[in-house]
Amino acid sequence: MQDPHSKDLPRTNRDRTEKTRAALIQAARSLFIDKGYGDTSTPEIVAAAGITRGALYHHFEDKRALFRAIVMDEALAVASAIEREAPAGLSPIDALLSGSAAYLDAMRAPGRTRLLLIEGPSVLGPAEMKKLDEDNAARTLRSGLEAAIDARGLPLAALADLLSAAFDRAALAIDAGEDAQEYAAAIAVLIRRVAGG
């Protein structure tokens, strides 16, 4: 007969690995948000996760690699939120407007703005963060712009980059306590003007 509590226990090495990795990411995410990357030590992370330091280095090369994994998870969550709110079937302008609102909403997850827009560029560098953004949220913006406007002769990549910067500035302002509805409305105006809607 199976132990009724066995469902709470990891059943395989893979389960244990995933559980340990998740504990590390959760503990480190919380510490990086509360204290910042520079003021968070690996002993603090492993203590908060309830694992050994050896387990940390089994899963991640170093603290920076752990941070990179956290930032990647955050960027994927933002891109997924945008894609969910801008499904196929919407007009291009409606998809851009829905996606922009989804971006601002997704960035309101506790600590996400600090991780992606403040700590990320500082720890990983602007080039790595730009690449990460281009693979996620900026990718969705670029695709939306391509669908919404006649891009012939326009510097579409530069336009998407500048709009992305406006989105990030709005997220930072909202995170600092500014009126979210005002910034969402301002972003909508930008999108309508750029897309000609």
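Reading the values: the criteria
- Residues numbered from 1 in each chain as written.
- Predicted model: local features only at pLDDT ≥ 70, side-chain atom pairs only at ≥ 80, totals over all residues.
- Heavy atoms only, no water.
- Helix = DSSP H or I, 4+ residues; strand = E, 2+ residues; numbered from the N terminus.
- Polar contact = N/O pair within 3.5 Å; in protein donor to acceptor, adjacent residues only side chain to side chain.
- Salt bridge = Lys/Arg side-chain N within 4 Å of Asp/Glu carboxyl O.
- Buried < 20%, exposed > 50% of the residue type's maximum accessible area, 1.4 Å probe, protein only.

Quick look at the environment of R64
Here is step 1 of the chain: Position of R64 relative to the elements: it lies in helix α4 (residues 63–85).
Here is step 2 of the chain: On a C-alpha basis, the gap between R64 and Y37 in space is 8.7 Å, while along the polypeptide they are 27 residues apart.
Here is step 3 of the chain: Reaching out from R64, the side chain makes a polar contact with the backbone oxygen of V123 at a distance of 3.3 Å.

Some points on the environment of S122
Here is step 1 of the chain: Within the secondary structure, S122 sits in helix α6 (residues 112–124).
Here is step 2 of the chain: The spatial distance from the C-alpha of S122 to the C-alpha of G38 is 9.7 Å, given a sequence separation of 84 residues.

A word on the pattern of salt bridges
Here is step 1 of the chain: The tally for this structure, following the rule as stated, stands at eleven salt bridges.
Here is step 2 of the chain: Between E74 and R29 there is a salt bridge, and its shortest N-O distance comes to 2.6 Å. Of the two residues, E74 sits in helix α4 while R29 sits in helix α1 (residues 13–35), which places them 45 residues apart along the sequence.
Here is step 3 of the chain: Using a relative accessible area of 6% as the deciding quantity, one classes E74 as buried.
Here is step 4 of the chain: The salt bridge partner of R114 is E119, with a shortest N-O separation of 3.0 Å.
Here is step 5 of the chain: On the basis of relative accessible area, E119 is assigned to the buried category, the value being 10%.
Here is step 6 of the chain: In the salt-bridge network here, residues are joined through shared partners; they are R29, E74 and R112.

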